[in-house]
Amino acid sequence: HGDADKPAAGYSLVDVAADVAAFMDAVGVSSAVLVGSSSGGYVAQQVAITSPHRVAGLVLVGSPASLQGRPSFADEVDRLTDPVDAAWVRKFLAWFPVFHPVPPWYLDGRVRDGARMPAYVWRETLSGLITARPPTEAATITAPTLLVWGACDELLTREQQQALTAAIPASRLVVYEDTGHLVLWEQPERVASDLT
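**Digging into a nonpolar patch on the surface**
The grouping of Phe23, Val27 and Val29 at the surface amounts to a nonpolar patch, some 260 Å² of accessible area in total. Within the secondary structure, valine 29 is located in the loop between helix H1 (13-27) and strand S1 (32-37).

**What to know about H1**
For H1, built from 15 residues, the straight-helix expectation of 21 Å at 1.5 Å per residue is met to within 8% by its first-to-last C-alpha distance of 22 Å. Three or more residues of H1 are buried, namely Leu13, Ala17, Ala21 and Met24. Buried residues in H1, looked at end-on, bunch into an arc of 80°, giving them a common side. Along H1, the residues that are exposed and aim more than 90 degrees away from the buried face are Phe23, Asp25 and Ala26. On its buried face, H1 sits against S1, helix H2 (39-50), helix H6 (119-130) and helix H7 (135-138). Two residues or fewer after H1 comes glycine 28, characterised by a positive phi angle close to 75°.

**Notes on H2**
For H2, with 12 residues, the first-to-last C-alpha span of 17 Å sits near the 16 Å given by 1.5 Å per residue. Burial within H2 is extensive, with nine of its 12 residues counted as buried. Taken together, the buried positions of H2 are Gly41, Tyr42, Val43, Ala44, Gln45, Gln46, Val47, Ala48 and Ile49. Looking at the packing, one finds that the buried side of H2 touches H1, S1, strand S2 (55-61), H6, H7 and helix H8 (158-167).

**Thoughts on the sheet that holds S1**
Strand order in the open sheet made by the four strands is S1-S2-S3-S4, with parallel pairing throughout. The sheet is open, and its two borders are formed by S1 and strand S4 (171-176), each paired with just one other strand. When the angles between neighbouring strand axes are averaged without regard to direction, this sheet yields 15°. Where strand S3 (residues 145-150) lies against S4, six bridges are found, and the strand directions are parallel. By the bridge assignment, glycine 150 is partnered in S4 with tyrosine 176. With respect to the sheet, H2 is in contact with S1 and S2, its orientation differing from that of S2 by roughly 155°.

**Describing the pairing of S2**
Across a regular strand the side chains alternate sides, sitting on one face of the sheet and then on the other. Burial of S2 is extensive: six of the seven residues sit out of reach of the surface. Two elements, S1 and S2, share six bridges in a ladder whose sense is parallel. In the sheet register, glycine 36 faces S2, and the bridge partner there is leucine 60. Viewed along the sheet, the connection from S1 through H2 into S2 turns out right-handed. Bridging between S2 and S3 involves four bridges; their strand directions are parallel. Counted as the bridge partner of valine 59 is leucine 146 from S3.

**Focus: the nonpolar core**
Ranked by internal contacts, the top residues of the largest apolar core, which has 21 residues, are Val77, Leu80, Val84, Trp88, Val89, Phe92 and Trp122. Going through the elements one at a time, helix H3 (74-78), helix H4 (86-93) and H6 are the ones with two or more residues in this core. Tallying contributions element by element places H6 first for this core, with five residues. Ignoring sequence-local partners within four residues, the contact set of valine 89 consists of Val84, Arg110, Val111, Gly114, Ala115 and Trp122.

What counts and what doesn't
Every chain is numbered independently, its residues counted from 1 as its sequence is written. Only residues with pLDDT of at least 70 get local features here, since the model is predicted, and only at 80 or more are side-chain atom pairs given and counted; chain-wide, interface and lining totals rely on the full set of residues. Calculation of side-chain values draws on the structure's entire complement of heavy atoms; hydrogens and water are dropped beforehand. In this analysis, a patch consists of residues with relative accessible area above 30% that form no salt bridge, clustered at 9 Å for like charges and at 5 Å for the nonpolar side chains Val, Leu, Ile, Met, Phe, Trp and Tyr. To be clear on the numbers: accessible area is Shrake-Rupley with a 1.4 Å probe, and residue cover counts the displayed protein chains and nothing else. Any carboxyl oxygen of Asp or Glu that lies within 4 Å of a side-chain nitrogen of Lys or Arg is treated as forming a salt bridge with it. Put simply, DSSP marks the helices as runs of H or I at least four residues long and the strands as runs of E at least two long, and each gets a number from the N terminus on. A helix is expected to reach a length of 1.5 Å times the quantity of its residues less one. Burial classes follow relative accessibility: with a 1.4 Å probe on protein chains only, a residue under 20% of its type's maximum area counts as buried, one over 50% as exposed, and anything between as partly exposed. The arc in question is the one traced by the directions running from the helix axis out to the C-beta atoms. Contacts between residues were defined by any pair of non-hydrogen atoms, one from each residue, lying within 4.5 Å. Strand pairing is defined by DSSP finding a minimum of two bridges between the two strands. All axes here are fitted lines through C-alpha atoms, helices being fitted over the stretch that makes contact, and every angle between N-to-C directions spans 0 to 180 degrees. When the strands point away from the viewer and the path from the first strand over the helix to the second turns clockwise, the crossover is right-handed. What makes a nonpolar core is a set of buried Ala, Val, Leu, Ile, Met, Phe, Trp, Tyr and Cys residues whose side-chain atoms join them at distances within 4.5 Å.

What follows is the structure, given as structure tokens:
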């Protein structure tokens, strides 16, 4: 959530998608190719459903088709208190194994970002994601879509990625061998090239 306001409410999937459209308005962008990694890809899917005229294309990087259900780490998120411990954020990020070097400065930045989020934002964001109706169940995404998936992803299976590809008519799936869930962290140059 960076330096954005962190209000008490507004973390549903629909709310966060509306924030993307509001940001586009604020910077004067009428439409764009949206790139979303992991749950950010879930948000990008929702924007493509609620504001299809704003989405020239999608690049979904390690993106789920659904986040419904309670993940194994939800109890830990429920127990968070302020200030959020940077060591906990680092441990949380280590839950996603990487197979290519990720620069320490980049990882340190993500840890700082996570520790700056109040505990309630962690909880409300997770709740907003896992209680949302999956975007592709609500409507059909019509934007041209590139799905990028790491073959060593321990969170999303190949079958899930193939099902998401099948649910988006103008889509194709590119598989990165020897890459985990955090594809954008592990192979940013290749993702940029494929996006282009």
